[in-house]
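Chain and residue survey
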Amino acid sequence: MALKLECRNDALLVWVNGDFDLVSAAEFRQKVDTALEDQRPRHLIVNMSRMTFMDSSGLGVLLGRLKLIQNRKGRMFLTGVRPEVLKVLNLSGIIPLLQITKTEDEAMALLRKGAVK
Amino acid sequence: MNRDKLKMNSVMMTMQSKAVNVGLARSMVAALASQCDAVTVNALEELKVAVSEAVSNAIIHGYENQEDKQLILRADLLEDGILIAVEDEGVGIANIAQAMEPSYSQDPERMGLGFAFMQSFTDRLEVESAPGRGTTVRMFKYFCQGDQKNACQA
Ligand SMILES: Nc1ncnc2c1ncn2[C@@H]1O[C@H](COP(=O)(O)OP(=O)(O)OP(=O)(O)O)[C@@H](O)[C@H]1O
Ligand SMILES: [Mg+2]
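This text gives an overview of the structure that appears in the document. As the structure is a computational prediction, the values presented were derived from the model and not from experiment.

So, on to the pattern of salt bridges. For the structure on display, the rule yields 13 salt bridges over all chains. Of the charged contacts, one joins B:Arg26 and A:Asp19 as a salt bridge, the two residues approaching to 2.9 Å between their closest N and O atoms. Linking B:Arg26 in helix α1 (residues 20-33) with A:Asp19 in strand β2 (residues 11-20), this pair reaches from one chain into another. You can call B:Arg26 buried: its relative accessible area is 3%. Linking A:Glu84 and A:Arg82 is a salt bridge whose minimum nitrogen-to-oxygen distance equals 4.0 Å.

Here it is in structure tokens:
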């Protein structure tokens, strides 16, 4: 897996490439938590359009970051989720707690408009 | 899980209990299952999640993240599906029914969804375990959902 992180306005954008499992979940947690601490963005946008696989280790780390974002009254977005990954997300019950959009631009636009639940 | 079915192929792998081997286990099982033309993309995706959960559990819980232990992955390709067994010689599970409940986890950082995924994504799940004597998880998955006529031609 490869990770890319970037802060844009008030949001941290993360791109996840490849399989999101025990190995990559640990890397995701470490890098994202460091960025959340250092740069203090309020929102988190995870681009999953290149995430080819996810299991409960990946899910657990996403849920953990959701809690951090909720603590700072921010919003969390998952964008470009593939069908095979969506199936796992659906079973987890995590979906009502966050926002799913097609692209990160859509997520950024929603944040600008303040049009998020 | 004794099944009177023709075995088309079988693989047994001994792996070190390292996180990187979770992906290896997924790839091996998916490659083996793909030897059967009847297998659907959907079934392969689900099989990968189930294997990932069982092997991750063996490493994280069974061996408490010690990397120098051994676990065994067996995969038998049958006429109409695949039989998987993941064996560790780790700490074992005292209360199997409780461990298999959705949302149960001994780790507050985890969601306790591993067994729930294995259950949802395979057609049969059996867990054999005792404290101090390790854990064996056995799963069977049909290649095609609800269509057992589509047998393996491999
Ligand atoms: N191989 C194993 N050896 C010892 N204990 C295990 C093993 N597999 C599972 N368990 C126990 O069963 C519990 C439930 O497992 P399950 O996979 O459902 O959830 P989890 O691993 O805790 O969380 P998640 O899978 O969502 O990351 C674990 O917390 C652990 O206590
Ligand atoms: Mg688990």
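Once you've had a look at it, read on.
Inspection of the secondary structure puts A:Ser56 in helix α2 (residues 56-71). You can call A:Ser56 buried: its relative accessible area is 11%. In this structure A:Ser56 touches B:Glu53, B:Leu113, B:Gly114 and B:Phe117, once residues within four positions along its chain are discounted.

As a further point, take the layout of surface pockets. Of the volumes computed, that of the largest pocket is approximately 540 Å³. Lining the largest pocket we find 31 residues, and of these B:Asn57, B:His61, B:Ile93, B:Ala99 and B:Phe115 sit closest to its centre. If you list the elements that add at least two residues to the lining of the largest pocket, you get α2 of chain A together with α2 (41-62), β3 (81-88), α3 (96-100), α4 (114-121) and β5 (135-142) of chain B. The greatest single-element share of the lining of the largest pocket, amounting to eight residues, is contributed by α2(B). Within the lining of the largest pocket, the residues separate by chemical class into 13 nonpolar, 15 polar and three charged. In this structure, the second largest pocket occupies an estimated 330 Å³ of space. At the level of secondary structure, the elements contributing two or more residues to the lining of the second largest pocket comprise α1 (22-39) and α2 of chain A together with α2 of chain B. The residue makeup of the lining of the second largest pocket, split by class, is seven nonpolar, six polar and seven charged.

Right, let's get into helix α4 (residues 104-113) of chain A. All names here are of chain A. Among all positions in α4, only Glu 104, Ala 107, Met 108 and Leu 111 are buried. Considered in projection along α4, the buried side chains sweep an arc of 100° and stay on one side of the axis. Residues Asp 105, Arg 112 and Lys 113 are exposed on α4 and point more than 90 degrees away from its buried face. The inward-facing, buried residues of α4 contact β1 (2-8), β2, β3 (43-54), β4 (76-79) and β5 (99-101). Positioned one or two residues after α4, Gly 114 has a phi angle of 70°, which is positive.

All names here are of chain A. Summarising the element assignment, Glu 104 is placed in helix α4. With relative accessibility at 14%, the residue Glu 104 sits in the buried group. Each C-alpha atom of the pair Glu 104 and Leu 78 lies 8.2 Å from the other, and the pair is 26 residues apart in sequence. Look past the residues within four positions of Glu 104 in its chain and what remains in contact with it is Arg 8, Leu 13, Trp 15, Ile 45, Asn 47 and Thr 79.

Scoring rules and cut-offs
Residues numbered from 1 in each chain as written. Chains lettered and ligands numbered in written order. Predicted model: local features only at pLDDT ≥ 70, side-chain atom pairs only at ≥ 80, totals over all residues. Heavy atoms only, no water. Salt bridge = Lys/Arg side-chain N within 4 Å of Asp/Glu carboxyl O. Helix = DSSP H or I, 4+ residues; strand = E, 2+ residues; numbered from the N terminus. Buried < 20%, exposed > 50% of the residue type's maximum accessible area, 1.4 Å probe, protein only. Contact = heavy atoms within 4.5 Å. 1 Å grid on protein atoms, 1.4 Å probe; cavity = no way out; pocket = protein on both sides within 12 Å on 5 of 7 lines; lining within 4 Å. Points joined across faces, edges and corners; volume = space filled by probe spheres on them. Nonpolar A, V, L, I, M, F, W, Y, C, P; charged D, E, K, R; others polar. Arc of directions from axis to C-beta.

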